[in-house]
Amino acid sequence: ELVGYDEPPRAPTALFAGQDGTIATRHLYIADAGRGRIVEFDKEGKFVRQFRLAEGQALRYVRSFYVDEINGFLYLLTNDALYKTDLPILKQSR
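Residues numbered from 1 in each chain as written. Predicted model: local features only at pLDDT ≥ 70, side-chain atom pairs only at ≥ 80, totals over all residues. Heavy atoms only, no water.

K.L.:
Explain the overall build of the protein to me, please; I cannot follow it from the model alone.
P.N.:
Scanning the protein from N- to C-terminus turns up zero helices and seven strands. Tracing the protein from N to C terminus, the helices and strands come up as β-β-β-β-β-β-β. The burial tally for the protein puts 35% of its 94 residues in the buried class. Sequence separation of 24 or more characterises 38% of the internal contacts of the protein that already satisfy a separation of 6 or more. Accessible area of the protein: about 6300 Å², with a carbon and sulfur share of 50%. (Helix = DSSP H or I, 4+ residues; strand = E, 2+ residues; numbered from the N terminus. Buried < 20%, exposed > 50% of the residue type's maximum accessible area, 1.4 Å probe, protein only. Contact = heavy atoms within 4.5 Å. Areas by Shrake-Rupley, 256 points an atom, 1.4 Å probe, with all protein chains shown as cover.)

Written as structure tokens, this is what we have:
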């Protein structure tokens, strides 16, 4: 169960939780095209944060995406383009 976020996804288009079990990610990510965002949850389903673009509507057209937590990149595939952006560093609570 996913908990702790302000608005439930309106039109989820993709999910990322690692690839083929070979790349472990610490979090689960959902592309929510309906709300133009990527939502991040921890492995227990608790909301961590969300990403929105400062400009443009690319997140409304996401078909797939890949998260590279180790190197800090987010790759987004839309109908007509592939985008690469920095994945903001998540500050650890003490």
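K.L.:
Would you take a moment to explain the nonpolar core for this structure?
P.N.:
Among soluble globular proteins, nonpolar side chains are generally buried collectively. Within the largest apolar cluster, 13 residues are counted, with the highest numbers of intra-cluster contacts made by Y29, I38, F65, V67 and L76. With sequence-adjacent residues up to four places away left out, F65 is seen in contact with A14, L15, F16, Y29, I30, A31, I38, L74, Y75 and L76. (Core = buried A, V, L, I, M, F, W, Y, C linked by side-chain atoms within 4.5 Å.)

K.L.:
Is there a simple way to explain the pattern of salt bridges in this structure?
P.N.:
Between side chains of opposite charge, a pair can form when the charged atoms approach closely. Within this structure, the stated rule accounts for four salt bridges. Of the charged contacts, one joins D6 and R37 as a salt bridge, the two residues approaching to 3.5 Å between their closest N and O atoms. In this pair, D6 sits in the segment before β1 (12-16) while R37 sits in strand β3 (residues 37-42), placing the two residues 31 residues apart along the sequence. One salt bridge connects D32 with R37, and the closest N-O pair in it is separated by 3.0 Å. Accessibility classification places D32 together with R37 in one group, the buried group. Through salt bridges with shared partners, a single ionic network connects D6, D32 and R37. (Salt bridge = Lys/Arg side-chain N within 4 Å of Asp/Glu carboxyl O.)

K.L.:
Looking at this model, I keep getting lost on the sheet that holds strand β7 (residues 82-86). Mind explaining?
P.N.:
Pairing between the strands of a sheet is mediated by backbone hydrogen bonds and can be parallel or antiparallel. If you trace the three strands from one edge of the open sheet to the other, you get β5-β6-β7, paired in antiparallel fashion. For this open sheet the edge positions go to β5 (64-68) and β7, each flanked by a neighbour on one side alone. Averaged over all adjacent pairs, the angle separating strand axes in this sheet is 15°, with direction ignored. Here β5 pairs with strand β6 (residues 73-77) via five bridges, running antiparallel. The residue of β6 that forms the bridge with S64 is L77. (Pairing = 2+ DSSP bridges. Axes fitted to C-alpha atoms, helices over the stretch in contact; angles between N-to-C directions.)

K.L.:
Explain the pairing of strand β4 (residues 47-51) here, please?
P.N.:
For β3 and β4, the ladder comprises four bridges, and the chain directions are antiparallel. In the sheet register, F41 faces β4, and the bridge partner there is F47. What sits between β3 and β4 in their antiparallel hairpin is a turn of four residues, with G45 showing a positive phi close to 95°.

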